[in-house]
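What the coordinates show
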Amino acid sequence: MPYTKRRRLVSSAVAVTLGATALAACGSSSDDGEAQSGPVSLTYWTWTPGMDKVVDLWNKGPGKKEQITVTVKKQASGDTLVTKILTAHKAGKAPDLVQAEYQALPTLVSNDALADIGDTVGDAKSKFADGVWQQTTLGTDAVYAVPQDIGPMMFYYREDLFEEYGLSVPATWDEFAETARKLKKKAPDKDLTTFSANDSGLFAGLAQQAGARWWTTSGDKWKVGINDAATKKVADFWGGLVAEGAVDNQPMYTPAWNKALNTGKQIAWVSAVWAPGTLTTAAPDTKGKWAMAPLPQWDEGGSSTGSWGGSSTAVTTDSGNKAAAAKFAAWLNTDGEALNALAKESGIYPASTSAQLSGAFTTPPEYFSNQPDFYTKAAAIAETTAPSAWGPNVNVAYTTFKDAFGAAAKNKSDFTAALDTMQQDTVADLKKQGFGVAE
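Residues numbered from 1 in each chain as written. Predicted model: local features only at pLDDT ≥ 70, side-chain atom pairs only at ≥ 80, totals over all residues. Heavy atoms only, no water.

**Quick word on the packing of helix H11 (residues 229-244) against helix H18 (residues 415-433)**
- Between H11 and H18, whose axes approach to 8 Å, the crossing angle comes to 140°. As far as their axial angle goes, H18 and H11 are oblique. H11 and H18 meet at a crossing whose hand is right-handed. Across the interface between the two elements, Thr231, Lys232, Ala235, Asp236, Trp238, Gly239 and Val242 of H11 pack against Phe415, Thr416, Leu419 and Asp420 of H18.
- Its residues assigned to classes, the contact of H11 with H18 shows 5 nonpolar, 3 polar and 3 charged. (Axes fitted to C-alpha atoms, helices over the stretch in contact; angles between N-to-C directions. Helix = DSSP H or I, 4+ residues; strand = E, 2+ residues; numbered from the N terminus. Parallel < 35°, antiparallel > 145°, perpendicular 65-115°, else oblique. Left-handed = near helix turned anticlockwise from the far one by under 90°. Contact = heavy atoms within 4.5 Å. Nonpolar A, V, L, I, M, F, W, Y, C, P; charged D, E, K, R; others polar.)

If you want it as structure tokens, here you go:
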């Protein structure tokens, strides 16, 4: 992606000259964040459960030695937190540190709410897969956050029912489609899986795996490619399966979906590394009957996956102690003791590659006790995470996805038309905000 650090991802300074309604940057009390001497107190906004217990390890250990104390302030997640951060930043009162989902980073950066902490945490790059680290640099030579947790996508299937119906684990998406059709012929009352129009993050991850770049920049303008060739391929694939009835068209995370998983009416699920926790609740009667495999590939012999979920730790431009905050962010997401605590207290799957094969991840999830190599496979899959390309109005694209694809899935109509609607609405919103848009 043709970003440069100077532009700060089509920064708020540029956006203002273009008439953007984005909040203007207020700056911080010191440019380098190191003006204050003596004890330092930092505030961290996060939604992660148990984070206070993890931060205690810092405050009693490295933080005590360096005289840097961190206080956790529990927050809501998603767009609610992004809005709160930007509101606080407008008043020059954002906290020192924030937890931010990867897709929210461009919004925060374009509003000049996040500091470039590359000089402090740049050495941490080797701790993460390239595709994961890229999500915190946004393709620039700056570093806007340290990766915390990730959601590499995988294929989950009922091992016992695949054997019963003579099905093979699909290595390609063509094989996936044939598997869905084969199951329908053998057991018309069952579905391989469902296409859920409620889950924009799932579709975004599938498009990412296919090579999609939904937002890029051209000069000082945004370029939107939601209906690019890669995403059209994904939309056509799933739309075709829904239209022919090879897969279900019902949303996930409903009582009906839970029942389908628990009774074996749906025998596979395209999901992410966090799926065992969901299955434990949704399908308790099928514990020990599922297995995990890499996501099917578009090309035979390929090795790529998308992301569904994940977040990072960022330092705000309002912080008067950016260097101290960056030290904590690096410790939180690369230190072995901290990562083990995050796994235990917060249930996260770490972005750090070394942590993915240590501590809590040396034994499989209890639900997958039948697959001892669960986390070994997961770590190998995570290494193949494809680069992403997020923009400043992901929320608009996601909302339109739910509306347009929801109607298309329900009516079994053209998914490509729904994709074009996503493209049009996202471009229109950028222009409405005042961003320059390259056609």
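**With respect to the pattern of salt bridges**
- All chains considered together, the criterion is met by 8 salt bridges.
- One salt bridge in this structure joins Arg181 and Glu244, with 2.8 Å as the shortest N-O distance. With Arg181 in helix H9 (residues 173-186) and Glu244 in helix H11, this residue pair connects regions lying 63 residues apart in the sequence.
- Judged by its relative accessible area of 46%, Glu244 is partly exposed.
- Salt bridges here are not isolated pairs; linked through shared partners, they connect Glu178, Arg181 and Glu244. (Salt bridge = Lys/Arg side-chain N within 4 Å of Asp/Glu carboxyl O. Buried < 20%, exposed > 50% of the residue type's maximum accessible area, 1.4 Å probe, protein only.)

**Some remarks on the environment of Asn333**
- Considering the arrangement of structural elements, one finds Asn333 in helix H14 (residues 322-334).
- For Asn333 and Leu57, which are 276 residues apart along the polypeptide, the C-alpha to C-alpha distance reads 13 Å.
- With sequence-adjacent residues up to four places away left out, Asn333 is seen in contact with Phe128, Val146, Pro147, Gln148, Thr313, Leu339, Leu342 and Ser352.
- At 3.1 Å, the side chain of Asn333 forms a polar contact with the side chain of Thr313. (Polar contact = N/O pair within 3.5 Å; in protein donor to acceptor, adjacent residues only side chain to side chain.)

**Examining the pairing of strand S5 (residues 215-218)**
- Bridging between S5 and strand S6 (residues 221-224) involves 4 bridges; their strand directions are antiparallel. Residue pairing across strands places Thr217 opposite Trp222, the latter belonging to S6.
- Joining the antiparallel neighbours S5 and S6 is a turn of 2 residues, in which Gly219 adopts a positive phi near 65°. (Pairing = 2+ DSSP bridges.)

**Quick notes on unusual backbone geometry**
- Unlike most non-glycine residues, Asp112 shows phi in positive territory, near 60°.
- Inspection of the secondary structure assignment puts Asp112 in the loop between helix H5 (105-110) and helix H6 (118-121).
- One non-glycine residue, Tyr253, lies in the positive phi region at around 65°.
- Residue placement: Tyr253 occurs in the loop between H11 and helix H12 (255-263).
- For Tyr253, a relative accessible area of 38% translates into the label partly exposed.

**A closer look at the domain arrangement of the protein chain**
- By the assigned domains, the protein chain splits into domain 1 (40-150 + 310-361) and domain 2 (153-307 + 387-433).
- Spacing between the C-alpha centres of domain 1 and domain 2 amounts to 29 Å.
- Residue-level contacts link 10 residues of domain 1 with 11 residues of domain 2.
- Of the roughly 870 Å² buried between domain 1 and domain 2 on both sides combined, carbon and sulfur atoms contribute 58%.
- Here domain 1 and domain 2 share 0 salt bridges between them. (Domains from an automatic or database assignment. Buried area = accessible area lost by both parts, 1.4 Å probe.)

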